Amino acid sequence: MKKLSFFHIPIAYLLLYTVLLLGSGLWLFLLSQGLASSEGIAATLEKIILTPEPKSMHNFVEVATPHMFAMGSLVFVVAHFMLFSTKISQKISLIVSMILFAFFLFNIFSYGLISFEILSSGWIKLLSMLLFTGMFLLLLFMVGVSL
Amino acid sequence: MKFLVTKDLAHSRLLAYLMGSVIFAILLYLGLDVVLHGYVIGWDIEGINNTLFGNTETFEEPVLIDSLLLQVHIDLFMTIFALLILSSIYIRLHDKTGTVKWVLHILFTVGLLAPLSLLLAYFWSEAFVWVWVAAFLLWHLLAVIIALSLFPRLNFR
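In this text the structure is predicted, and so the values were computed from the model without any measurement.

Taken together, the 23 residues of chain B in the interface contact 22 residues of chain A. Counting residues per element, the ones that place at least two in the side of chain B that touches chain A are helix H1 (2–5), helix H4 (65–93) and helix H5 (97–123) of chain B. The biggest single contributor to the side of chain B that touches chain A is H4 of chain B, with 13 residues.

With that settled, the discussion passes to the environment of leucine 35 of chain A. Residues and elements named next belong to chain A. By the element assignment, leucine 35 lies in the loop between helix H1 (8–32) and helix H2 (41–50). Given 21 C-beta atoms within 10 Å, leucine 35 falls into the buried group. Linking leucine 35 and leucine 45, residues 10 residues apart in sequence, is a C-alpha distance of 8.9 Å. Other than its neighbours up to four places away in sequence, leucine 35 contacts Leu30, Ile41 and Thr44.

In this structure, phenylalanine 59 of chain B is a non-glycine residue whose phi angle is positive, near 60 degrees. Among the structural elements, phenylalanine 59 of chain B can be located in the loop between helix H3 (45–53) and H4.

Residue and element names in this part refer to chain B. Between its terminal C-alpha atoms helix H2 (residues 13–40) stretches 40 Å, which fits the 40 Å expected from 28 residues at 1.5 Å a residue. Those residues of H2 not exposed but buried are Met19, Ile23, Ile26 and His37. Packing partners of the buried residues in H2 comprise H4 and helix H6 (128–150). Two residues or fewer past H2, glycine 42 is found with a positive phi of approximately 145 degrees.

Below, the discussion takes up the confidence of the model for chain A. For chain A, per-residue confidence averages 90 on the pLDDT scale, and 98% of positions sit at 70 or higher. Per-element confidence in chain A ranges from a low mean pLDDT of 88 for H2 of chain A to a high of 95 for H1 of chain A.

About the cut-offs
- Residues numbered from 1 in each chain as written.
- Chains lettered and ligands numbered in written order.
- Predicted model: local features only at pLDDT ≥ 70, side-chain atom pairs only at ≥ 80, totals over all residues.
- Contact = placed C-beta atoms within 7 Å.
- Helix = DSSP H or I, 4+ residues; strand = E, 2+ residues; numbered from the N terminus.
- Buried ≥ 20, exposed ≤ 12 C-beta atoms within 10 Å, placed from the backbone.
- Expected span 1.5 Å × (residues − 1).
- pLDDT = per-residue confidence, 0-100.

Below, the structure written as structure tokens:
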């Protein structure tokens, strides 16, 4: 049974890698919205709200497809460690995981609303990213506490 | 990874073959990943420098930060999944508990250092190109050694 404690090592690194994945993902999104050519993050966020970069159906599917698999499997892998938690109840883990899955789908499809011209403002994308990132960090914290 | 630590499966032939297959696939992935990065980033220091910083003599433009960051983003995802699977099997099959801990720390740390040093080279200093080469090759080499060390421990009966 002593060997089982070693599983804490890959799980701890998984949390670290996931934080970096979230960070690089946010950075990539801001770059796609003109961060490199604008006057900073605040100006980019303002630009996203007022005039988000137009994306064709092709662009949307190109981004959504790998993320559907990657984010789905990453959320599953991270969340399934809560099965072994003795510090946080299964009920709370279930609620957080399901909300996270909902936010992940909301985050992916929110840009579709802009692409299909249902919404002209990009606030919905920013809101969905904020909710998804915040909920994922909460789940990572819960796994970290359970280690 | 609950399935891999279930005691009842300790002598399962099916699990041995499945683990053997996934290790084989990871070995192929590791080899092809080196080739892919050779094509995308460069095969030698000069090629890597040209990709990251451009070359005025050959009129090569430096790589766009969007493209480099996307590569780092993908690398982080692929690395963590490959290492998570490999380390789970490694913990299950190896008995030398003292070594296992350090091997895992080195593997995950170097695996993380590789994509980060690529960004550090781009933004900070050319010297990190060497760090990237060393870290990238080291984590691949270590992962290959670990993968190969697992085969004799699989019970294929």
